[in-house]
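The chain contents come next:
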Amino acid sequence: MNGLMLAPYPLPQRYTIPKDVCGICRCSLALTSDLARLKCGHLHCWQCVKGLPGCADADSSADKGMEDYGPLSCPTCHKGSELVERIRKPSASLVPDVCGGPFRDVTVTEAEGTVAVWKASYYLPFCVNQEVVVGWGDLNFVNWKLETAHIVAKLTRDTLAVTCKRLAASHKTADAIFEALRWDAEAEAFRAGLRVKDALASACQDQIRRLAGRKHKKRSGASFGEGSCVWVCGVVGRPEYNGLEGKVTAILPPNTPDNKSDVTRYHVCLSLCGQLVSLRADNLRGSDTPMTDAKLMAHCFRTMSLGKK
Ligand SMILES: [Zn+2]
Ligand SMILES: [Zn+2]
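Cut-offs and rules
- Residues numbered from 1 in each chain as written.
- Chains lettered and ligands numbered in written order.
- Predicted model: local features only at pLDDT ≥ 70, side-chain atom pairs only at ≥ 80, totals over all residues.
- Heavy atoms only, no water.
- Donors = N, O, S within 2.8 Å, 3.2 Å for Na, K, Ca; no water.
- Helix = DSSP H or I, 4+ residues; strand = E, 2+ residues; numbered from the N terminus.
- Buried < 20%, exposed > 50% of the residue type's maximum accessible area, 1.4 Å probe, protein only.
- Tetrahedral: all angles 85-135°; square planar, octahedral: opposite > 155°, others 65-115°.
- Phe/Tyr/Trp six-rings, centres within 6.5 Å; stacked < 30°, edge-to-face > 60°.
- Axes fitted to C-alpha atoms, helices over the stretch in contact; angles between N-to-C directions.
- Parallel < 35°, antiparallel > 145°, perpendicular 65-115°, else oblique.
- Left-handed = near helix turned anticlockwise from the far one by under 90°.
- Contact = heavy atoms within 4.5 Å.
- Pairing = 2+ DSSP bridges.
- Nonpolar A, V, L, I, M, F, W, Y, C, P; charged D, E, K, R; others polar.
- Expected span 1.5 Å × (residues − 1).
- Polar contact = N/O pair within 3.5 Å; in protein donor to acceptor, adjacent residues only side chain to side chain.

Let's talk about the coordination of the zinc ion (ligand 2)
Around a metal, the perfect tetrahedron of four donors has angles of 109.5 degrees, and the perfect octahedron of six donors has angles of 90 or 180 degrees.
Piece 1. On the protein side, the zinc ion (ligand 2) has Cys40 (SG), His42 (ND1), Cys74 (SG) and Cys77 (SG) as donor atoms, found 2.0 to 2.3 Å from it.
Piece 2. All donors of the zinc ion (ligand 2) belong to a single chain; written as a sequence motif, their spacing is C-x1-H-x31-C-x2-C. Of this pair, cysteine 40 sits in the loop between β2 (34-37) and β3 (43-45) while cysteine 77 sits in the loop between β4 (72-73) and β5 (80-81), and the two are 37 residues apart along the sequence.
Piece 3. When its relative accessible area of 30% is taken as the criterion, cysteine 40 is described as partly exposed.

The following block contains the structure:
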């Protein structure tokens, strides 16, 4: 996880497109509606940044290695950056990237002075390559990768909880804490890490099913009981909920007075501020498996023996 520890700073909520050129292709930034901002603050065309070494192509990750990413060097100031914010002018065909976070609305002053709402999303310049996972033929190896993903995800959530404590100490109301959490760059970096590990875990689970011979069997939806320990993942409308842990307090069956939708919903009490949220099973992950020393030790031994191969 090294490289993800950022000094706390808020993500910008407004941008001004400079009357300047992209440091890579030298085209006017005013002409592009798809920009990338590196941590140093410099803007470039997204199409140029995604071609830099260390940046996975968000549109097609097929030719990239599994964990082939490193600090991106800004072509303008040469400062390193692990995260990229992509800022796009909304259009009917605009959809979030595979490895990107949920959209946040940002106010953009365009080069000719027009002010408009654009969509920003933040992520590690890296995504899980399904084709690489499908190529893993050793069941032990896939199980070990899955376990590693779970352990790293748990450690990331623990670190995110520290960020939450910091924000809770400096804001008075639950609303203010959650709003700060939404725009906190450190929290967004941890959420980006969790997205990648969650995608890797589900790719590993699919591969384990494939290797075990149950071909093309659809993944059965997870189910949770009252009191289940869970963490939140993949919520688009409220990105600040992602990565938070909580407990299921009630199960709402579909088509009932409390839940008029067609899918079961779960009431979850988040550990942050005791916030009550209602979510679907696909936005919940189980976190019932506590990390015992014995389990960690066993994992380290497997890591050593697999590493010798
Ligand atoms: Zn460019
Ligand atoms: Zn720079």
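Looking at the coordination of the zinc ion (ligand 1)
Piece 1. Here the zinc ion (ligand 1) is held by Cys22 (SG), Cys25 (SG), Cys45 (SG) and Cys48 (SG), and the distances to it run 2.2 to 2.3 Å.
Piece 2. Coordination geometry of the zinc ion (ligand 1): the 4 donor atoms subtend angles of 104 to 116 degrees at the metal centre, consistent with an arrangement described as tetrahedral.
Piece 3. Each donor residue of the zinc ion (ligand 1) belongs to the same chain, with the gaps between them written as C-x2-C-x19-C-x2-C.
Piece 4. The buried category is assigned to cysteine 45, whose relative accessible area is 9%.

Regarding the packing of aromatic side chains
Piece 1. Going through the model one piece at a time under the given rule, you end up with 4 aromatic pairs.
Piece 2. Seen in terms of ring centroids, phenylalanine 141 and tryptophan 144 are 5.5 Å apart; in terms of plane orientation they differ by 45 degrees. Their pairing is tilted. With phenylalanine 141 and tryptophan 144 both in helix α3 (residues 139-170), this residue pair falls 3 residues apart, about one helical turn.
Piece 3. Residue class for phenylalanine 141 comes out partly exposed when judged on its relative accessible area of 23%.
Piece 4. According to the relative accessible area criterion, tryptophan 144 is buried, its value standing at 13%.
Piece 5. Their ring planes at 85 degrees and their centres at 5.6 Å tell us that phenylalanine 178 and tyrosine 241 sit as a pair that is edge-to-face. Residue phenylalanine 178 is found in helix α4 (residues 174-183), and its partner tyrosine 241 is found in the loop between β9 (229-232) and β10 (245-252); the two are separated by 63 residues along the sequence.
Piece 6. Clustering of aromatic rings is evident, with ring pairs tying together Trp136, Phe141 and Trp144.

Focus: the environment of alanine 185
Piece 1. Positionally, alanine 185 belongs in helix α5 (residues 185-211).
Piece 2. Relative accessible area serves as the criterion here: at 0%, alanine 185 is assigned to the buried category.
Piece 3. Taking C-alpha positions, alanine 185 is 5.4 Å from proline 10, a pair spaced 175 residues apart along the chain.

Points about the packing of α3 against α5
Piece 1. Running from amino to carboxyl end, α3 crosses α5 at an angle of 160 degrees, the nearest separation of the two axes being 9 Å. Considering the angle they form, α3 stands roughly antiparallel to α5. Where α3 crosses over α5, the two elements pack in a sense that is left-handed.

A word on α4
Helical geometry: 3.6 residues make up each α-helical turn, so side chains three or four residues apart lie on a common side.
Piece 1. Every buried residue belonging to α4 is among Ile177, Phe178, Ala180, Leu181, Arg182 and Trp183, and all of these are buried.
Piece 2. In the core, the buried residues of α4 are packed alongside β7 (104-109), α3, α5 and β11 (265-270).

Some words on the pairing of β9
Piece 1. Here β9 pairs with β10 via 3 bridges, running antiparallel. If you follow valine 230 over to β10, its bridge partner there is glycine 246.

Overview of unusual backbone geometry
Piece 1. In this structure, arginine 26 is a non-glycine residue whose phi angle is positive, near 65 degrees.
Piece 2. Positionally, arginine 26 belongs in the loop between β1 (14-16) and β2.
Piece 3. The class for arginine 26 is exposed, based on a relative accessible area of 57%.

A closer look at the packing of α3 against α4
Piece 1. Look at α3 against α4: their axes get within 9 Å of each other, and the N-to-C directions meet at 130 degrees. Viewed along their axes, α3 and α4 adopt a mutual orientation that is oblique. Crossing of α3 against α4: the hand is right-handed. On the side of α3, the interface is formed by Cys164, Leu167 and Ala168, while α4 contributes Ile177, Ala180 and Leu181.
Piece 2. Taken together, the residues that form the contact of α3 with α4 break down as 6 nonpolar, no polar and no charged.

Brief notes about α5
Piece 1. Counted at 1.5 Å a residue, the expected span for α5 with its 27 residues is 39 Å, and the 39 Å between its end C-alpha atoms agrees.
Piece 2. A large share of α5 lies buried, amounting to 19 of its 27 residues.
Piece 3. At the N-terminal boundary of α5, the capping side chain belongs to aspartate 184, with an oxygen 3.1 Å from the backbone nitrogen of glutamate 186.

A word on the sheet that holds β11
Piece 1. Reading across the sheet, the 5 strands line up as β12-β11-β10-β9-β13 and stay open at both edges, with antiparallel pairing between neighbours. Each edge of the open sheet is held by one strand with a lone partner, namely β12 (276-280) and β13 (284-286). Strand-to-strand, the axes of this sheet are offset by a mean angle of 45 degrees, without reference to chain direction.
Piece 2. As judged from the 6 bridges shared by β10 and β11, these two strands associate in the antiparallel manner.

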